[in-house]
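What follows is each chain in one-letter form.
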Amino acid sequence: MIVLDNVTKKYFNGRREFTALDGVSLEIKTGEYVAVTGRSGSGKTTLLNLIGALDAATDGIVAVDGIRLAGTHDRQAAQYRNAHVGCIFQRFNLEPEYSVIQNIELPALISGKKVSSADMTRLLEKLDIADRKNIKAKFLSGGEMQRVAVARALVNDPPIILADEPCGNLDEENSAREMDILDTIHAEGKTVILVTHDAGDARRADRIITLSDGRVVKDESNM
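From a predicted model like this one, the values you see are computed outputs, not experimental measurements.

Let us now look at the overall build of the protein. Per the secondary structure count, the protein includes seven helices and ten strands. Dimensions along the principal axes, computed over C-alpha positions, put the protein at roughly 45 × 40 × 35 Å. Restricting the contact set of the protein to residue pairs at least 6 apart, pairs at least 24 apart contribute 69%. In the structure as shown, the protein presents an accessible area of about 11,300 Å², 46% of it carried by carbon and sulfur atoms. Side chains of the protein give 28 positive and 33 negative charges; the mean places of these two sets differ by 4 Å.

Rendered as structure tokens:
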């Protein structure tokens, strides 16, 4: 269970303070598939960053399965990120000079987890990148890069997958493929939180949360 209780996040850009999230309270059940929508600047990515302990709330409480997330440099938050969260980013965030396998293994190396060759093979085959495993990331297509990013997010077998505009840099065919992969991940029992501006992609989720100016303005079931 993911719980946000009256969460506010403020930033200071050097000249003025602005509020990215303003008193947000919500719960996301274990195994739920949630789409977060809203215009640019509405607070979507900030919400993901707080749930992923990539950033810390200014006020309020963010808790996941009873773990209260405090600061991004807090040891407990780091342990939480390694064990509980897999992140998929719009810009892939791969190391261009690393091979596919080296990119996928990074979260496991950070957490000290050993990934067996059998588990790695299954993951590569699941995402249809087994034949690219030794290719440097800089030589991959956009669709291949995103599938590597998904594999990296899954390598530690985290219960929560955070996807921030994962189709933003993909063509229509690869976008559909990416969304099919997220559907499968959810069907396997993981909690999936998808930030998207695409109404069609959002409708794949069980629930759609709409943000505007850092506030939840709509929260509706899509079942």
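What follows deals with the packing of helix 3 (residues 100-111) against helix 5 (residues 142-154). At a minimum axis separation of 7 Å, helix 3 and helix 5 run at an interaxial angle of 35°. Here helix 3 and helix 5 pass one another in a crossing that is right-handed. Listed contacts from helix 5 to Val100, Asn103, Ile104 and Pro107 of helix 3 are Val148, Ala151 and Arg152. Broken down by class, the residue content of the contact of helix 3 with helix 5 amounts to five nonpolar, one polar and one charged.

As enumerated under the stated definition, the model contains 14 salt bridges in all. In this structure, Glu17 engages Lys10 in a salt bridge whose closest nitrogen and oxygen atoms are separated by 4.0 Å. With relative accessibility at 34%, the residue Lys10 sits in the partly exposed group. Lys126 serves as the salt-bridge partner of Glu188, at 2.7 Å between the closest nitrogen and oxygen. With Glu188 in the loop between helix 6 (172-187) and strand 8 (191-195) and Lys126 in helix 4 (residues 117-126), the pair connects residues that are 62 residues apart, well separated along the chain. A cluster of three or more residues bridged by salt bridges with shared partners is formed by Glu32, Arg207 and Asp219.

For the coordinates displayed, the defined rule picks out one aromatic pair. For the cation-ring pair, Lys9 lies above Tyr11, with the distance from its terminal atom to the ring centre recorded as 4.9 Å.

With that out of the way, let us pick up helix 1 (residues 44-51). In terms of burial, helix 1 is largely enclosed, as six of its eight residues are buried. Where helix 1 is concerned, the buried positions are Lys44, Thr46, Leu47, Leu48, Leu50 and Ile51. Of the residues one or two after helix 1, Ala53 is the one with positive phi, at around 55°.

Right, let's talk about the sheet that holds strand 9 (residues 207-212) for a bit. Pairing in this open sheet of six strands is mixed, and the strands run 6-7-8-3-9-10 from one edge to the other. Of all the strands in the sheet, the pair left with one neighbour each is strand 6 (85-89) and strand 10 (215-221). Between one strand axis and the next, the sheet turns through 15° on average, direction left out of account. Where strand 9 and strand 10 come together, six bridges link them in antiparallel fashion. Within strand 10, the position partnered with Ser212 by the bridge is Arg215.

Right, let's talk about the pairing of strand 3 (residues 33-37) for a bit. For strand 3, the buried fraction is high: five of the five residues fall into the buried class. Residues of strand 3 alternate between two faces, with Tyr33, Ala35 and Thr37 on one and Val34 and Val36 on the opposite face, all of them buried. The sheet contact formed by strand 3 and strand 8 spans four bridges and is parallel. Its bridge partner lying in strand 8, Val34 is registered against Ile193.

Reading the values: the criteria
Residues numbered from 1 in each chain as written. Predicted model: local features only at pLDDT ≥ 70, side-chain atom pairs only at ≥ 80, totals over all residues. Heavy atoms only, no water. Helix = DSSP H or I, 4+ residues; strand = E, 2+ residues; numbered from the N terminus. Contact = heavy atoms within 4.5 Å. Areas by Shrake-Rupley, 256 points an atom, 1.4 Å probe, with all protein chains shown as cover. Lys, Arg positive; Asp, Glu negative; His and termini not counted. Charge placed at Lys NZ, Arg CZ, Asp CG, Glu CD. Axes fitted to C-alpha atoms, helices over the stretch in contact; angles between N-to-C directions. Left-handed = near helix turned anticlockwise from the far one by under 90°. Nonpolar A, V, L, I, M, F, W, Y, C, P; charged D, E, K, R; others polar. Salt bridge = Lys/Arg side-chain N within 4 Å of Asp/Glu carboxyl O. Buried < 20%, exposed > 50% of the residue type's maximum accessible area, 1.4 Å probe, protein only. Phe/Tyr/Trp six-rings, centres within 6.5 Å; stacked < 30°, edge-to-face > 60°. Lys NZ or Arg CZ within 6 Å of the ring centre and 35° of its normal. Pairing = 2+ DSSP bridges.

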